[in-house]
Structure formats: C-alpha cells, structure tokens
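# Overview (structure and organization)
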Amino acid sequence: MGRPRRGGPFLILGHNGHIAWGMTTTGADTQDLVIERLTEGSQDTVDRPLDPPEPLESQTETIRVRWGSDETITVRRSRNGPVLSDLPGLAPGVAKDRHLIALKATFLLPGDRSADALMGLNAATDWGGFTAALSQLSAPMQNFIMASESGTIGMLSAAKIPLRRDHDGWLPSSGWLREGEWAGFAPTAILPQWRDPKQAYVANANNAIVAPDYPVMVALNWEDSFRGDRLAERLDTAQQRRIEDEAALQMDTLSLFAVDLVKSLDDWEPADNDAVQALQDLRGWDKHMRGSARAPLLFARFAQNLTEALLADDLALLSSDDSSRRPWRPRSSVVLGLVKTDSPLCDDARTTPVETCRDQVTLALRQAGRATGSGETWGAVHLARHDHPVFGRIPLLSRLFGRAMPSDGGNDTLLRMASRDGSFTGVHGAGFRAVYDLADLERSGFMISTGQSGHVFSPYYSSFLERARDGKLRPIAGTPAVLARNGAALLTLTPP
C-alpha cells in the first residue's frame, strides 16, 4: 500500500506487508557536458582518444504545432549523448568551429532497468532483497530508506554513479581525450549505505550523505544542511516514538537558518531606528515559520533583501526585474557565511562607498521592517500553490483547476514549502506523506496534498487540501475486511 507512479504497476513509496520504504532526492552528479571535436575536414565524425573517428548518428524529428506550421529538426547524437549545441541559443559562444557539446547522463543510457528495480523493491521482504532490487536502478539517484517487520532499518543511495577518470564533472570534459571518459559505474557494494546504525535511526532531508573524501565522487555541491540538522536534532532527543510524533515531525516549522542568521547579529545594534525595531522583532521570535505569524514574513523579506544586497552585483540573475528570469537563488548557507565572516563580497561594486556586511544588514532590516505591516502574516503571501499539470498553463482554466492555500514552513524547514521565482509562493513541497507502523501496519497513515480524484467537479478533487495543511493522516488499510469496517465502498470496473 502506498503511492504508485501514475500509469505504473508498482508503488514508488509505501509498504508491502514486510518492509516499508520512503525516499529523498540525493542530488548526485550523474551527468556531464562533453565537448566533441569534429574530425578535420568532416562535419559528421568526431575524434576519439583511442579509436578511429566516430560517425555521428542523425535523425529527423517533426514537431506538430497546433494552429501553426510543423517544425522539423535534425537531432544528432554521439556515443556520449545528444548534441545540445545544435539547438539555437542553448550554448552561445561555447560550441564553435570544430566543436560540439553533447550531454552524457545516466538517464540517457541504453538498457535502463529502473522499472525492474522498482518492481523488485515492491516484492522485497528484507534488506537483502531491498538492496538486490535497487542494484538495478539507473536514474535518478535517490536515498531509499527502509524498515522491515523483523526490525532492520537502513538506507541505500542507489543508482548508477559514474567513475570519472581524471575530472570531477564540474566543467565540460573533452570527448577526444581519455581523461574525460567514464571508466564504468560504482558497484552497489560501495554506494553510500547504512544498516542498523548505532544511533538507531536513519534519516535524510536532502542533505549531504557522504564526506568529501568518500571513495566515490557522488556530488560536489549539496543542499544546505539546515533541514538535515533539524531532523537529527529531533531524532537524537526522541524516546519512545508514536505515530503522532512522526506525523508532527513532518510538520516541523523551525528554521535553523533563521536561528543562525539572527544569532550571528548578537552583540550588535544597527544605527537606524527602523532596522533596530526589525531586529528586535526577529530576536523575540521563536524562529518557527508559522503562516499565522508576522515575524516569518519579516524574516523572509529580510533574508531576500540581504541576499540581493550582498550578491546582486555579482550575480546578474538576482538584479533582473523580471522574476521569471530568477529560477534559482543562492543557498541560505552562502548568505550566512558572508555575514559571519564579514566578507569583502558584501560590498556593492556598483556604488562608490565601500559597504560592510553590517551596512547591508542594516539596509535589509530597514527595508523589511518598513515593508511588513503590523497585521501582515506569512501565510498571506506564502500560499501553497497546486497547479494543474496541463490546464495550469492556460488562462482562466488555471484558476478553475488550480488550488492555493496559506501554508506554514519554508525553504529551510522540515515542512518544506519552497519558493522558486523571487516571490514567496510555495511551489515545492511534499505531495505524499506517510507514517508506517511495522508492529501493526494497519495503524499506518498517509496523506496526499490535494485529493484522490482528477475530476475538477468531483468532491474528492481537493478534499485533502486542508487535512494536508494541518498535518493529519488517513489510515492505510489493505484488506477488504478492514476497508469495509472503515466504511469504504467497493467500485468494480468491468470491461465491455
């Protein structure tokens, strides 16, 4: 029982009566840009380090356009992957003369058996079956966390991890040099994994899973550790855990980023009355990102203003007035590190005076304090937005099919409701939550973020919206007898 993949015959998350499992995204680096060099005098072969020049594969694809003319494109491919530089404007100034740029990625490899891995996971009954099934996974890399009815707990970060010869994937490699090749993939035995650890729990919140000296290069750049640190903090102090405790843990709203950033300003007072008042309000706040409170909104505006004050002169995307051109923002830990070290980067190179980090903090506090009225709340601007995957892009229909609701949490809390485009609208969070009781699986519970029907006029289209916001769970009951006892109806679909 659990969450299936739409259109798929197996569960992505859930339990099978013997083990229960969940997953978080690893953020592994499993793709490279490869610069291909055309053979001298040729437009359809590329050089290889040890082999003769290799012909490029080519195929024509037609994209049908409604109410317009069809578009026909030619797609070229090397052994490393599709040639991206053939697409206009995708790699300006990079591919020139005899050079092309190809994308090499584990999710583009032939012979992908990820579906077999998930099917095997659904049938696994113990740690051995769990790891054997996931050894077939190609992409994307996920941290699979499991618990079994026999008491085993563990985590395996599974997928194909490339073994790079003499580069780390941070910059494009050269397809005509042996140093840029992949030497194979890491065997399952050396992938990051933990079974029955001493601390008696396994946990991850998208934070780094290995140290920099790990024998396999999983990633060079990780998500911030604030959420993972908070999760460990809660679990380290846990005693006997109940289902209600685990459900509450998923709804935790404490921002360790807010804790650390405000604490870094101890023993300092800004020379501006509005900034002084804003800082006092933040010091008196408990650092929980609750939708009903004003302080989280004040902090969010302060952090956003501070990020732009510190880095807008260095990062062009931040200085754009068009929020659609700001698909990402620097990580919170970057801003925190600059403030803590009083970095020279705090100076705005576009202005004549030299600003210190405290100057920029004062400015950001003053702006946030003046912008945040006494009656404003975080939830008024931090709406969890549920857009329809198709109709959400069509005016008018997007309002009919979409749903939005004030939400707790933020980018750096366990209850993740992250923003992406320069606004505070929540667009990234958990679509499925569950708690499994391996002593009695009939006591397990789940929640999805909207409803169980895809029909907009059904009463079940968004019937779980408020329950999901409030952290409530619905029972996961698997047998017909239990379902009947709980008042469920049976719907039988008979083919004609």
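What comes next is a walk through the structure. (Residues numbered from 1 in each chain as written. Predicted model: local features only at pLDDT ≥ 70, side-chain atom pairs only at ≥ 80, totals over all residues. Heavy atoms only, no water.)

## Brief notes about the overall build of the chain
As a reminder, the rule being used: Every helix listed is a DSSP run of H or I at least four residues long, and every strand listed is a run of E at least two residues long, numbered separately from the N terminus. All radius of gyration figures rest on C-alpha atoms, and the globule criterion is 2.2 Å times the number of residues raised to 0.38. Throughout, a contact is declared for two residues whenever any of their heavy atoms are within 4.5 Å. Using the Shrake-Rupley algorithm and a 1.4 Å probe, accessible areas are obtained, with residue cover drawn only from the displayed protein chains. Charge counting treats Lys and Arg as positive and Asp and Glu as negative, with His and both chain ends excluded. Charge placement uses NZ in Lys and CZ in Arg. For Asp and Glu, CG and CD serve respectively.
Scanning the chain from N- to C-terminus turns up 13 helices and 23 strands. Its C-alpha atoms give the chain a radius of gyration of 26 Å, near enough to 23 Å, the size a compact globule of 496 residues would have. Each principal axis of the C-alpha atoms in the chain carries an extent, and together these give about 75 × 70 × 60 Å. Contacts in the chain between residues far apart in sequence, at least 24 positions, make up 59% of those at least 6 positions apart. Taken as a whole, the chain presents about 26,800 Å² of accessible surface, with 53% of it coming from carbon and sulfur. If the 53 positive side-chain charges of the chain are averaged to one point and the 61 negative ones to another, these points end up 5 Å apart.

## Observations concerning the pairing of strand β10 (residues 99-105)
Quick reminder of the rule: Buried means the residue's accessible area, taken with a 1.4 Å probe over protein chains only, is under 20% of the maximum for its type, while exposed means over 50%, and partly exposed covers the values in between. Here a strand pair is declared whenever DSSP counts at least two bridges between the two strands.
Summarising burial for β10: 6 of the 7 residues are buried, a large majority. Pairing of strand β4 (residues 31-37) with β10, which is carried by 7 bridges, proceeds in the antiparallel orientation. Bridged to Asp32 within β10 is Lys104.

## What to know about the nonpolar core
General note: in soluble globular proteins, nonpolar side chains tend to be found buried as a group. Note the cut-off: Put simply, a nonpolar core is a bunch of buried Ala, Val, Leu, Ile, Met, Phe, Trp, Tyr and Cys residues held in one set by side-chain atoms that sit within 4.5 Å of each other.
Judged by nonpolar contacts, the single largest core of 44 residues is most densely connected at Leu121 and Phe130. Listing elements by their share of this core, those giving two or more residues are β2 (11-15), β3 (19-25), α1 (114-123), α2 (127-134), β11 (142-148), β12 (153-158), β21 (432-435) and β22 (445-448). Among the elements that make up this core, the one with the highest residue count is α2 (4 residues). Membership of the second largest hydrophobic core comes to 37 residues, among which are Leu254, Leu282, Leu338 and Ala364.

## A word on a nonpolar patch on the surface
Applied cut-off: Residues enter a patch when their relative accessible area is above 30% and they make no salt bridge; the linking distance is 9 Å between like charges and 5 Å between nonpolar side chains (Val, Leu, Ile, Met, Phe, Trp, Tyr). Salt bridge, as used here, is a side-chain nitrogen of Lys or Arg placed within 4 Å of a carboxyl oxygen of Asp or Glu.
Taken together, the side chains of Ile394, Leu397, Leu400 and Phe457 define a hydrophobic patch exposed on the protein surface, amounting to about 360 Å² of accessible area. With respect to the helices and strands, the residue Phe457 is situated in the loop between β22 and α12 (465-469).

## Topic: the state of the cysteines
The following threshold applies: To count as a disulfide, a pair of cysteine sulfur atoms needs to be within 2.5 Å.
This structure, assessed with the given rule, holds 1 disulfide. Two residues, Cys346 and Cys357, share a disulfide whose sulfurs are 1.8 Å apart. On the sign convention where negative means left-handed, the S-S torsion of about 75 degrees between Cys346 and Cys357 marks this disulfide as right-handed. Note that Cys346 is positioned in the loop between α8 (332-341) and α9 (357-371) and Cys357 in helix α9, a separation of 11 residues in sequence. For the pair Cys346 and Cys357, a shared accessibility class is recorded, and that class is buried.

## Here's the deal with α8
To keep things clear, this is the line we draw: When we speak of the arc, we mean the arc of directions from the helix axis to the C-beta atoms.
Within the span of α8, buried status applies to Ser332, Val335, Leu336, Leu338 and Val339. When α8 is viewed along its axis, its buried side chains cluster within an angular range of 160 degrees and face the same direction. For α8, the exposed residues set more than 90 degrees away from the buried face come down to Lys340 and Thr341. For α8, the secondary structure elements touched by its buried residues are α3 (226-236), α5 (256-263), α7 (295-311) and α9.

## Observations concerning the sheet that holds strand β14 (residues 173-174)
Pairing is mixed across the open sheet formed by 3 strands, whose spatial order is β10-β4-β14. In this open sheet, the two edge strands, each paired with only one partner strand, are β10 and β14.

## Observations regarding the packing of aromatic side chains
In plain terms, the rule: Any pair of Phe, Tyr and Trp rings, taking the six-membered ring for Trp, is counted once the centres come within 6.5 Å. Such a pair is stacked with planes under 30 degrees apart, edge-to-face with planes over 60 apart, and tilted for the rest. A positively charged side chain is recorded as over a ring if its NZ (Lys) or CZ (Arg) lies within 6 Å of the ring centre. The angle to the ring normal must also be within 35 degrees.
Throughout the structure, instances matching the rule amount to 10 aromatic pairs. For the pair Phe432 and Phe446, a centre-to-centre distance of 6.3 Å together with 20 degrees between the ring planes defines the contact as stacked. Of this pair, Phe432 sits in strand β21 while Phe446 sits in strand β22; the two residues are 14 residues apart in sequence, bridging distant segments of the chain. Residues Phe432 and Phe446 agree in their burial class; the two are buried. One aromatic cluster is present, built from ring pairs that chain together Phe226, Phe257, Trp285, Phe299 and Phe302. Positioned above the aromatic ring of Phe185 is the side chain of Lys160, whose terminal nitrogen or guanidinium carbon lies 4.9 Å from the ring centre. Note that Arg358 overlies the ring of Trp268, its terminal NZ or CZ placed 5.3 Å from the centroid.

## Brief notes about the sheet that holds strand β23 (residues 474-475)
As summarised here, the arrangement of the 3 strands in space is β21-β22-β23, forming an open sheet in which the pairing is antiparallel. If you trace the sheet from one side to the other, it starts and ends with β21 and β23, each paired once. Relative to β22, β21 runs antiparallel, the two being bridged by 4 bridges. Within the sheet, the bridge partner assigned to Phe432 lies in β22 and is Ile448.

## Remarks on the pairing of strand β8 (residues 71-78)
Relative to β8, strand β7 (residues 57-63) runs antiparallel, the two sharing 7 bridges. Of the residues in β8, the one forming a bridge with Ile63 is Glu71. Inspection of the sheet shows β8 paired to strand β9 (residues 81-82) by 2 bridges, in the antiparallel sense. Bridged to Arg77 within β9 is Pro82. Hairpin remark: β8 followed by β9, antiparallel, with 2 residues in the connecting loop.

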